[in-house]
Amino acid sequence: MIQRLKIALLMGGDSGEYEVSIGSATVVNKYLDAEEFDVYPILMKARNWTYTSPEGTAYSVDKDDFTLTLEQEKVYFDCAFIAIHGTPGEDGKLQGYLDIIGIPYTSCDLTTSAITFNKYFCNDLALQYGMNVAKTIIVRSEFNLDLNGIITEVGLPCFVKPNKSGSSVGVTKVYQSIELLDAVKKAFSEDDEVLIQQFIKGREMACGVYRTNGEVVVLPVTEVISKKDFFDYEAKYTKGMAEEITPANISTSELEDCQSITRELYNKFNCSGVVRFDYFLTEGKWWFLEVNTVPGFSEGSIIPKQVLASGNKLNLFFRQLIIEAISQKSKV
Ligand SMILES: Nc1ncnc2c1ncn2[C@@H]1O[C@H](COP(=O)(O)OP(=O)(O)O)[C@@H](O)[C@H]1O
Ligand SMILES: [Mg+2]
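Computed from a predicted model, the values in this text were never measured in an experiment.

Q: Describe the overall build of the protein, with residues and values.
A: Assigned secondary structure in the protein consists of ten helices and 17 strands. A compact globule built from 332 residues should have a C-alpha radius of gyration of about 20 Å, and the protein, at 20 Å, falls within 12% of that. Seen along its three principal axes, the alpha-carbon backbone of the protein occupies a region of about 65 × 45 × 40 Å. Put simply, 64% of the contacts in the protein that link residues at least 6 apart link residues at least 24 apart. When the accessible surface of the protein is totalled, it reaches about 15400 Å², and 50% of it is carbon and sulfur. A distance of 2 Å separates the average location of the 32 positive side-chain charges in the protein from that of its 45 negative side-chain charges.

Quick look at the structure:
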């Protein structure tokens, strides 16, 4: 009898991306081959980590050893598939926990997750790695802000966003100085640090990348054309509110540049698993926007589209992520 791999499919989490995570996990579950994998979807919300059996019985995860005790068996996991966007799945917290227990997982490690989830630190590193990045000011309190000084520095319009968040939750495009304080307050409702950033004018692009059999594979590039003023939450998750053109209509040399930058950044940031780098293309130059170390996997998301455009299949792709995570861990 072939022993099926036991996969903990982690979903939910503690950010505004909870629902998005459920959508991602549903797709991963659908495409993981039942002949090869026993998948246990585990919903995480703060300290409640719960698996609900097909019969509807809820079981809590034993956090001492990350196991499940079911009626007939105790389940030890071979790998955790992290489908949680935002904290604790994308910022290193879960990675640290799983490292302590010794379970392989599909995402970047603790350090890379923590640094890249912090847009301010990540921007600084991307700048050091030679990327064009938007001028950015970080604020840690909404009080006593020198609003005029900030505007002089970054210009108008500008973007205000939580430093550690995703899915455009709490992001505002600010056109006039009078709007700045409200935008800052809104961003503070998502995080304790807020960025005020120069507006980058250009075409918005995204490029996924992952490792399989030890080789880095760069996916095709996607152009995002939002029907809203920018790629906000509504544009991201409402059908018809954004076009995600894959492969992007760019020249061969622009494509080559983007893919080689993406490969370089994946290596420099020491990434693992599938990661999506977001950019703006402005007059032939690539500007770094951000990196998503747990990108969306729902069927309308960019990564599944890029995987299909690359000629791969989603069941094989998700399998590749798991096999790579297990084989990397066994080398340690
Ligand atoms: N500096 C910027 N210049 C132009 N557009 C931006 C800028 N920052 C953010 N945006 C727009 O806002 C969206 C969300 O911002 P982003 O930094 O990617 O945060 P999130 O992690 O929430 O996706 C981007 O996809 C883009 O459309
Ligand atoms: Mg983004």
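Q: Just give me the short version of the environment of Asp 64, but keep the residues and values in it.
A: Relative to the elements of secondary structure, Asp 64 occurs in the loop between β4 (58-60) and β5 (67-69). By relative accessible area, Asp 64 is classed as exposed at 70%. Each C-alpha atom, one on Asp 64 and one on Glu 90, is 22 Å from the other, the two residues being 26 residues apart in sequence.

Q: Give a detailed account of the pattern of salt bridges, specifying residues and quantitative values.
A: Enumeration according to the criterion identifies 18 salt bridges in this entry. In this structure, the salt-bridge partner of Glu 36 is Arg 319, at a minimum N-O distance of 2.8 Å. You can see Glu 36 sitting in the loop between α1 (18-31) and β2 (37-45) and its partner Arg 319 sitting in helix α10 (residues 314-331), a full 283 residues away along the chain. On the basis of relative accessibility, which here comes to 33%, the residue Arg 319 falls in the partly exposed class. Residue Asp 91 is joined to Lys 93 by a salt bridge in which the shortest nitrogen-to-oxygen separation is 3.7 Å. Linked by salt bridges that have partners in common, Arg 140, Lys 164, Asp 191, Asp 192 and Glu 193 make up one network.

Q: So what's going on with the pairing of strand β16 (residues 275-282)? Which residues, and what values?
A: Of all the eight residues making up β16, eight are buried; the element is thus mostly covered by neighbouring parts of the structure. Because side chains alternate across β16, one face comprises the buried residues Val 275, Phe 277, Tyr 279 and Leu 281, and the other comprises Arg 276, Asp 278, Phe 280 and Thr 282, equally buried. Judged from the seven bridges that link them, strand β13 (residues 203-212) and β16 form a sheet pairing that is antiparallel. Bridging across to β16, Val 209 finds its partner in Val 275. Sheet topology note: the β16/strand β17 (residues 285-292) ladder contains seven bridges and is antiparallel. Along β17, the bridge assignment pairs Asp 278 with Glu 290.

Q: Can you explain the environment of Thr 246? Please cite residues and give values.
A: With respect to the secondary-structure elements, Thr 246 resides in the loop between β15 (242-245) and α8 (252-268). A sequence separation of 64 residues divides Thr 246 from Ser 310, and the C-alpha atoms of the two residues are 9.7 Å apart. Setting aside residues no more than four positions away along its own chain, Thr 246 makes contact with Val 221, Thr 222, Lys 305, Gln 306 and Ala 309. Within polar-contact distance, the side chain of Thr 246 engages the side chain of Thr 222 at 2.9 Å.

Q: Kindly report on the packing of helix α3 (residues 110-117) against helix α4 (residues 119-128), identifying the contributing residues and their values.
A: One can describe the packing of α3 onto α4 by two numbers: an axis separation of 5 Å at closest approach and a directional angle of 100 degrees. One way to sum up the angle between α3 and α4 is to call them roughly perpendicular. Across from Ile 115, Thr 116 and Phe 117 in α3, the residues of α4 making contact are Lys 119, Phe 121, Cys 122 and Leu 125. Its residues assigned to classes, the contact of α3 with α4 shows five nonpolar, one polar and one charged.

Q: I'd like a description of the site of ligand 1, backed by residues and values.
A: The environment of ligand 1 is made up of 18 residues, and the closest members are Lys 119, Lys 161, Ser 168, Ile 200 and Glu 204. Ser 168 places a polar main-chain atom, nitrogen or oxygen, 2.6 Å from an oxygen atom of ligand 1. Protein burial of ligand 1: of its 540 Å² of free accessible surface, 97% is covered by the chains. Split into classes, the residues belonging to the shell around ligand 1 amount to seven nonpolar, six polar and five charged.

Q: Now, about the domain arrangement of the protein: what can you tell me, with residues and values included?
A: In terms of domains, the protein is made up of domain 1 (5-107), domain 2 (114-131 + 202-331) and domain 3 (135-198). Spacing between the C-alpha centres of domain 2 and domain 3 amounts to 25 Å. Counting residues at the interface gives 14 residues for domain 2, matched by 19 residues for domain 3. Carbon and sulfur atoms make up 53% of the surface buried where domain 2 meets domain 3, a total of about 1300 Å² over both sides. Linking domain 2 with domain 3 are one salt bridge, by the criterion used here. A salt bridge links Asp 229 to Lys 173; the shortest N-O distance between them is 3.6 Å. Inspection of the domain 2/domain 3 interface yields nine residue pairs in polar contact (both at pLDDT 80 or more). Residue classes in the side of domain 2 that touches domain 3 are distributed as eight nonpolar, two polar and four charged.

Conventions and cut-offs
Every chain is numbered independently, its residues counted from 1 as its sequence is written. Numbering of ligands from 1 and lettering of chains from A proceed in the order in which they are written. Per-residue local features are limited, in this predicted model, to residues with pLDDT of at least 70; the limit for side-chain atom pairs, both in listing and counting, is 80 or more; totals at the level of whole chains, interfaces and linings are taken over all residues. Where side-chain values are given, they derive from all heavy atoms of the structure, hydrogens and water being excluded. By the criteria applied, helices consist of DSSP H or I runs no shorter than four residues and strands consist of E runs no shorter than two, each listed in order from the N terminus. Only C-alpha atoms enter the radius of gyration, while the globule expectation follows 2.2 Å times N to the 0.38, with N the number of residues. For this analysis, residues touch if any pair of their heavy atoms sits within 4.5 Å. Residue exposure ignores everything except the shown protein chains as possible cover, and the areas themselves are Shrake-Rupley values with a 1.4 Å probe. Under the counting rule used here, the positive set is Lys and Arg, the negative set is Asp and Glu, and His together with the chain ends is not counted. Lys charges are placed at NZ, Arg charges at CZ, Asp charges at CG and Glu charges at CD. Partly exposed residues are those whose accessible area sits between 20% and 50% of the maximum for their type, while under 20% is buried and over 50% is exposed, using a 1.4 Å probe and protein chains only. What counts as a salt bridge is simple: a side-chain nitrogen of Lys or Arg found within 4 Å of a carboxyl oxygen of Asp or Glu. Strand pairing requires that DSSP identify at least two bridges connecting the strands. Polar contacts, as counted here, are pairs of nitrogen or oxygen atoms within 3.5 Å of one another; within protein the pair requires one atom able to donate a hydrogen and one able to accept it, and residues that are adjacent in sequence qualify only if both atoms are side-chain atoms. The axes used here are C-alpha line fits, helices contributing only the stretch in contact, and every angle between their N-to-C directions lies in the interval 0 to 180 degrees. Orientation labels follow simple angle bins: below 35 degrees gives roughly parallel, above 145 gives roughly antiparallel, 65 to 115 gives roughly perpendicular, and whatever is left gives oblique. As a working rule, the residues Ala, Val, Leu, Ile, Met, Phe, Trp, Tyr, Cys and Pro are called nonpolar, Asp, Glu, Lys and Arg charged, and the rest polar, with Gly in that last group. The nearness test applies per residue and asks whether one of its heavy atoms lies within 4 Å of the molecule or strand. Per the annotation, domain bounds derive from an automatic or database assignment of domains. Accessible-area loss on putting two parts together, using a 1.4 Å probe and summing over both, is the definition of buried area adopted here.

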